Amino acid sequence: MKKIKFKIYTIVILFLCAFMACKAKQKVVAIVPMPFNYPDDIKEAEKPLFLTNYTKGQVLYGINCAKCHNKTEGGQNTIPNFSLPQIMDYEIRFQYPSHEDPMKETVISPEELEQIVTFLRYKLPS
Ligand code: HEC
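Owing to the predicted nature of the structure, the values given are computational and were not obtained by experimental measurement.

**Q** I keep staring at the site of the ligand and nothing clicks. Help me out?
**A** The full set close to the ligand counts 17 residues, and Cys65, Cys68, Tyr96, Ser98 and Pro102 are the nearest of them. Of all the secondary-structure elements, those providing two or more residues to the shell around the ligand are helix H3 (66-69) and helix H4 (84-88). Of the residues contributing to the shell around the ligand, the split by class is eleven nonpolar, five polar and one charged.

**Q** Just checking my understanding: could you explain helix H6 (residues 110-122) for this structure?
**A** Because an α-helix completes one turn every 3.6 residues, residues spaced three or four positions apart along the sequence face the same direction. Between its first and last C-alpha, H6 extends 18 Å over 13 residues, near the 18 Å set by a 1.5 Å rise per residue. Taken as a whole, H6 has its buried residues at Gln115, Ile116, Thr118, Phe119 and Leu120. At its buried positions, H6 is contacted by helix H2 (47-64) and H4.

**Q** Help me understand the domain arrangement of the chain, please; the structure alone is not making it clear to me.
**A** For interface size, the figure often reported is the accessible area lost on association. What the domain assignment reports for the chain is domain 1 (1-28) and domain 2 (31-122). When each unit is reduced to the centre of its C-alpha atoms, the spacing between domain 1 and domain 2 is 40 Å.

Parameters and conventions
Residues numbered from 1 in each chain as written. Predicted model: local features only at pLDDT ≥ 70, side-chain atom pairs only at ≥ 80, totals over all residues. Near = placed C-beta within 6 Å. Helix = DSSP H or I, 4+ residues; strand = E, 2+ residues; numbered from the N terminus. Nonpolar A, V, L, I, M, F, W, Y, C, P; charged D, E, K, R; others polar. Expected span 1.5 Å × (residues − 1). Buried ≥ 20, exposed ≤ 12 C-beta atoms within 10 Å, placed from the backbone. Contact = placed C-beta atoms within 7 Å. Domains from an automatic or database assignment.

See the structure below:
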């Protein structure tokens, strides 16, 4: 009798764990893009791809850049409004000594850097 009870408890706990793991996964998927402007010359059909790249760039920025570049102002974590020449310049990978290690091609691929630049360029200024 004891053994059966133990088994039932184990099954219930396993189900609970699986349920919670499912819930946790759903949370990771839901990323809300920050307010942005579409590029002026974008075609309607290109908008979904733009939005995907923008959102990926937002996440990649958070992982790779925010720890050095975000500032805390009045308790709020803010992203700098880089000027266009600063972010248009694909040399940002090499231009600044501080980027040598965190921005190697093995850490951030050219495609990922382009997505980060898309995010920084088209997000509304904060
Ligand atoms: C280890 C800290 C660090 C990380 C990580 C980092 N940066 Fe920087 N970045 C700096 C510093 C410090 C400067 C100022 C120039 C210098 O000293 O090299 C700078 C300069 C810049 C500039 C030029 C404008 C300015 O503020 O001077 C841009 C644009 C920039 N970084 C973007 C990025 C992006 C995009 C990422 C992520 C892909 C990133 N940085 C990751 C430290 C960092």
